[in-house]
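The chain contents come next:
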Amino acid sequence: MNIQHVNIKFYLENPETVKLADFAAIFNTWIQQQRLEELLVDVADYLHVHHGPGIMLIGHEADYSLDNRAGRLGLFYNRKEQLDGTTEEKLVQATRAALTVAQILEKENGLKFNGSEVQVIINDRLLVPNTVETFTALEPEIKSFFDQLYNGATYSLSHNDDRRERFTIIVKTESKFDVDTLLKNLSVETAHA
Amino acid sequence: MKASNSLWREQKIESPFPELVREIEIYETEIELRKQGKMDEKLFAETRLRRGAYGQRYDNGKRWDGKETQTLEFPSSKTELTKGANTVWDAPGMQRIKVPFGGMNPEQLEVMAELAEEYSDGIAHVTTRQDFQLHFVHVDDTPALMRRLAAVGITTREACGNSVRNVTACPLSGVCNTESFDVTPYAKGLAYFLLGHPDVQDFGRKFKVAFSGCKDEGCGLVNMHDMGVIAVKKIVDGAEKRGFELYVGGGLGTVPHQAKLFDAFLPEEELLPTAQAISRVFARLGEKKNRNRARIKFLVAQLGIEEFKRIVLEERATLQPDPRWTAYLSEIQEVDEKPLRPAQSLGDTLQTASFQRWYKTNVFHQKQDGYATATITLPLGDITADQLRAVADLSRRFTNGTVRTTVDQNIVLRWISEADLPDVHAALEEIGLGQSGAGTIVDITSCPGTDTCKLGISASRGLAGELRQRLAEKSHTMDEAIQSLHIKVSGCFNSCGQHHVADLGFYGVSRHSGNYTVPHFQVVLGGEWTHNAGSYGLAMGAVPAKRIPEVVERLTGRYVSEREKNESFKAFIQRIGKVQVKTMLDDLTRIPTHDEDPTLYTDWGDNREFTIGDIGVGECAGEIVSHAEFGLAHAERQVFEAQVLLDENQYQKAGETAYTSMYQAALTLVEELFFNVPKDHDRVAEEFRTRLYDTKLFWDEYAGGKFGHYYLRAYEKRNESFTPEEAHRRVEEAQLVIEAAHSCYSKLLGSRSLPRQLAGI
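Residues numbered from 1 in each chain as written. Chains lettered and ligands numbered in written order. Predicted model: local features only at pLDDT ≥ 70, side-chain atom pairs only at ≥ 80, totals over all residues. Heavy atoms only, no water.

Undergrad: For this particular structure, what's the right way to read the pattern of salt bridges?
TA: Any two side chains of opposite charge can pair, on the condition that their charged atoms come close. Enumeration according to the criterion identifies 72 salt bridges over all chains in this entry. For the salt bridge of B:Glu480 with B:Lys360, the shortest nitrogen-to-oxygen distance reads 3.0 Å. Placement of the pair is B:Glu480 in helix 16 (residues 480-483) and B:Lys360 in helix 12 (residues 353-362), with a sequence separation of 120 residues. For the pair B:Glu480 and B:Lys360, a shared accessibility class is recorded, and that class is exposed. For B:Arg575, the salt bridge identified is with B:Glu564, shortest N-O distance 3.6 Å. Of this pair, B:Arg575 sits in helix 19 (residues 569-589) while B:Glu564 sits in the loop between helix 18 (548-562) and helix 19, placing them eleven residues apart in sequence. Residues joined by salt bridges that share partners form a network here, namely A:Arg125, A:Glu165, A:Arg166, B:Glu114, B:Glu117, B:Glu118, B:Arg148, B:Asp386 and B:Arg389. (Salt bridge = Lys/Arg side-chain N within 4 Å of Asp/Glu carboxyl O. Helix = DSSP H or I, 4+ residues; strand = E, 2+ residues; numbered from the N terminus. Buried < 20%, exposed > 50% of the residue type's maximum accessible area, 1.4 Å probe, protein only.)

Next up, the structure:
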């Protein structure tokens, strides 16, 4: 199955301390400084919307947002451009991109992300229908990826086949993981590859 | 670009309107032609706009970052592929989606949610014309997006460009106590009659139509429309007859015009043919070169309403009868909405304070006893995908899926049994949409402004959001007189936020101070929302954007303290006079230096040092592309399709399509000389022969009449079958005919002293 347009969300540990409105200016500075190695286009402010995408950094290859969907604040990465490679490689790309931004936000802006819970969405209903069959087909590669991300720690993987939603999985581990460790785990595998 | 775009092309779309699917295929071919450099960028821009695929801020590849203007290096910048003049192909754009009279069902809401998630930023935006808009959409994704809409009976066709825009109507049509009758079926009938109609393809500018069920309320805003109708009844020969007060030539924009009464009683069966005749007159006599004077309001003003009417009625008399003019009238009763649940009153059960506030401002008691319409207030017109799905669920749970968008950028749920209102409100609160204040001062309308619009000067959404937040905080304690006021904000003078018809209107301007530019809003006071936008407000002066909340504070404060009994805000402003108002605001207009107060040099919700350097060339006006240019582009697309068919070894179809392209080219040229030529193959060939071939107008300087002969021979042999060789030859000939048609059109333009004969030979 050709998965594309991977979305990934890492939740914040300290959402109550975050002053979201400040991030419109912060993301604009990122555009000014061309902070990421990809084309950043604009900032969109949706703070007025209940449980919405919050503050968005719109890019060409991907969008990043400090997102409050489902009432849970986190960093949401939406890959828009297509990628070559296996399912695992695409998951690695999206996760690394999200974690790289999370790392900057932690170091420079005092945010703290919880690496022990991840939401993954495939943002294309036709390409990857949200069915049990899809989950069965993708499960081995998804597991292989999370084995790497969590470096062999035990985790749970859940999928809800609500026909109206996009293909979504929730991954949780009881072990504590921070952003730096997760990035390191991804790098180890890349080095092996 | 989405990986599934090609898969959507292969999906069989079961659309209630199969012609919409074909229309998307045509658009997709045009995208391919543009990518191959076979379609001019200006022509592509207009054809894209007529499918609702609009430009968005920074799509010229430049963005002011607060310090300097950065070049946005999109991948397509390297190939210089554009989707219009100075518009980078890969730059994100906006997709406007037409929703005639705002009518939607749950399935459509769900698809809108899917599209917002998959192609946009997760937000769908309701506009001041009851449309939906999605932002940050890649043009390559638009055909797939349109296919998914077509599957649920929604089109984006003619949502932008020089065409008939979304037909709006009062969202309470059919349930309102003050209406003469339900205008819904008429709005629907007219919207689909004019959609893609040949007579609306050659306008110099856009054309907006609105319907209202009554004269006194504001919901229809008839007076600010190019064409507006108000439902009226009349006794004719002892029987009650339905008809309309018809108005033409209204409009906001830089120069607002109140519409003129065209007919005090237009019988219902005359609505569509009269609209057709008006369209033909606008296409024929409306300004085409100077887009600033190309709206129909200028034509009506120039001719005077009586002369305009005379010409329209003359045109009406020449129209060939069309069964569609009245076919929809027989179904009028059948489309009436039905409730899901039995009518039941609310009763005396004690409700929460939050419900009571919501009930007071957001619930409208329908003329049908025991039923209500509830307004869902959307902040700045925005709604998330999750909320859209939840609203779809609510509409299924409490109603028969009767949902409408409003020109106030809200959504209404109709036909709720009054006893269900507490449950509806509780469900809305769960999804963050249970706020009260619909139609009050906190329910502020705003265009996209500098957030996404290429023409925006100031941050209208930023200002609207700020005002909304401040006013909402004190709305419960606010004087009743203030609560009922309307605030509307536009990012520039083009009035998309409808600032002229608000009590307090604002539109974006800028002023210089030292070496800086300062965002301002012009203050427009005393406009009238009721009486179908009965009068327009007056500009009082420009104030720095950051001081507008203080303007609102002062004006409303003085209104509360000094208004005479039952005096409206409009009357109050008129009474105290412009000089007084200016005096009140005078200190606010003075700009301190940048060192004294740098905050004034940024706009609401945007920390960048303000600039007007990001303003691009707007696409609201569309591109001026003539009817003939479109016709020839269609012919080119058809010959391209014939080539594709050849590649697929479909020779018979290729030969036939090649002939069709020649016919299209010939028809286009003939129409330049005889606009009403009947569109049948024999007649077009005959007219082509006499008007273009025999006169040698179509002749090539070197090849003589050869290319014209190709067409005429193809016409004679059009019913024959094709061998592969013949099909190849026919396609090659078709290409030459189309090239010759372009040359001939240039010749015709060169000798353009001959006017088009619109009403016959």
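Undergrad: Would you explain the packing of helix 12 of chain B against helix 14 (residues 421-430) of chain B in this entry?
TA: When two helices pack together, you describe them by how their axes are tilted relative to each other and by the distance separating the axes. Residues and elements named next belong to chain B. With their axes 10 Å apart at the nearest point, helix 12 and helix 14 run at an angle of 105 degrees to one another. Considering the angle they form, helix 12 stands roughly perpendicular to helix 14. Only Leu-421, Pro-422, Val-424, His-425, Leu-428 and Glu-429 of helix 14 make contact with helix 12, whose side of the interface consists of Ser-354, Phe-355, Trp-358 and Tyr-359. Residues that form the contact of helix 12 with helix 14 fall into these classes: seven nonpolar, two polar and one charged. (Axes fitted to C-alpha atoms, helices over the stretch in contact; angles between N-to-C directions. Parallel < 35°, antiparallel > 145°, perpendicular 65-115°, else oblique. Contact = heavy atoms within 4.5 Å. Nonpolar A, V, L, I, M, F, W, Y, C, P; charged D, E, K, R; others polar.)

Undergrad: Even after reading the chapter, I still don't get the interface of chain A and chain B, so can you show me in this structure?
TA: Interface size is commonly expressed as the accessible surface area that is lost when the partners come together. Facing 35 residues of chain A, the contacting portion of chain B comprises 45 residues. The partner of B:Asp393 in a salt bridge is A:Arg164, with the nearest N and O atoms 2.7 Å apart. The tally of links between chain A and chain B comes to 21 residue pairs in polar contact (both at pLDDT 80 or more). Breaking the side of chain A that touches chain B down by element, the ones donating at least two residues are helix 1 (22-33), strand 2 (40-46) and strand 3 (54-59) of chain A. Here the side of chain A that touches chain B gets six residues from one element, more than from any other, and that element is strand 2 of chain A. (Polar contact = N/O pair within 3.5 Å; in protein donor to acceptor, adjacent residues only side chain to side chain.)

Undergrad: When you look at the sheet that holds strand 19 (residues 411-417) of chain B in this model, what are you seeing that I'm missing?
TA: In any sheet, the strands associate via hydrogen bonds between backbone groups, in a parallel or an antiparallel arrangement. All names here are of chain B. An order of 7-18-19-16-15 is seen for the five strands of this open sheet, with the pairing classed as antiparallel. Two strands close off the open sheet at either side, each with one partner strand: strand 7 (103-104) and strand 15 (363-365). With three bridges connecting them, strand 18 (residues 403-405) and strand 19 associate as antiparallel partners. Bridge pairing in strand 19 places Val-403 opposite Leu-413. Of the strands in this sheet, strand 15 and strand 16 (371-376) are in contact with helix 12, which crosses strand 15 at around 55 degrees. (Pairing = 2+ DSSP bridges.)

Undergrad: How should the nonpolar core be read in this particular structure?
TA: Soluble globular proteins tend to pack their nonpolar side chains together in the buried interior. Counting residues in each nonpolar core, the largest one holds 59 residues, and the members touching the most others are A:Trp30, A:Leu57, A:Leu105, A:Phe113, A:Val120, A:Phe146 and A:Tyr150. Looking at this core element by element, the count peaks at ten residues for helix 2 (residues 87-109) of chain A. If near-sequence neighbours (up to four positions away) are discounted, A:Leu57 is found in contact with A:Phe27, A:Trp30, A:Ile31, A:Leu36, A:Leu40, A:Asp42, A:Val43, A:Ala62, A:Asp63 and A:Tyr64. B:Leu346, B:Ile383, B:Leu388 and B:Leu394 belong to the second largest nonpolar core, which has 46 residues in total. (Core = buried A, V, L, I, M, F, W, Y, C linked by side-chain atoms within 4.5 Å.)

Undergrad: So what exactly am I meant to see when it comes to the packing of aromatic side chains here?
TA: Aromatic rings in a pair are described by how distant their centres are and how their planes are angled relative to each other. According to the stated counting rule, one finds 30 aromatic pairs over all chains in the structure shown. Each ring, one from B:Tyr559 and one from B:Phe569, has its centre 5.2 Å from the other, and the planes form 85 degrees; the classification is edge-to-face. Here B:Tyr559, found in helix 18, pairs with B:Phe569, found in helix 19; they are ten residues apart in sequence, far enough to count as distant. A relative accessible area of 2% means that B:Phe569 is categorised as buried. Overall, B:Tyr559 belongs to the buried group, its relative accessible area being 3%. Cation over ring: A:Arg72 sits above A:Tyr11, and NZ or CZ is 3.7 Å from the ring centre. The side chain of B:Lys488 reaches across the aromatic face of B:Trp529, ending 4.0 Å from its centre. (Phe/Tyr/Trp six-rings, centres within 6.5 Å; stacked < 30°, edge-to-face > 60°. Lys NZ or Arg CZ within 6 Å of the ring centre and 35° of its normal.)

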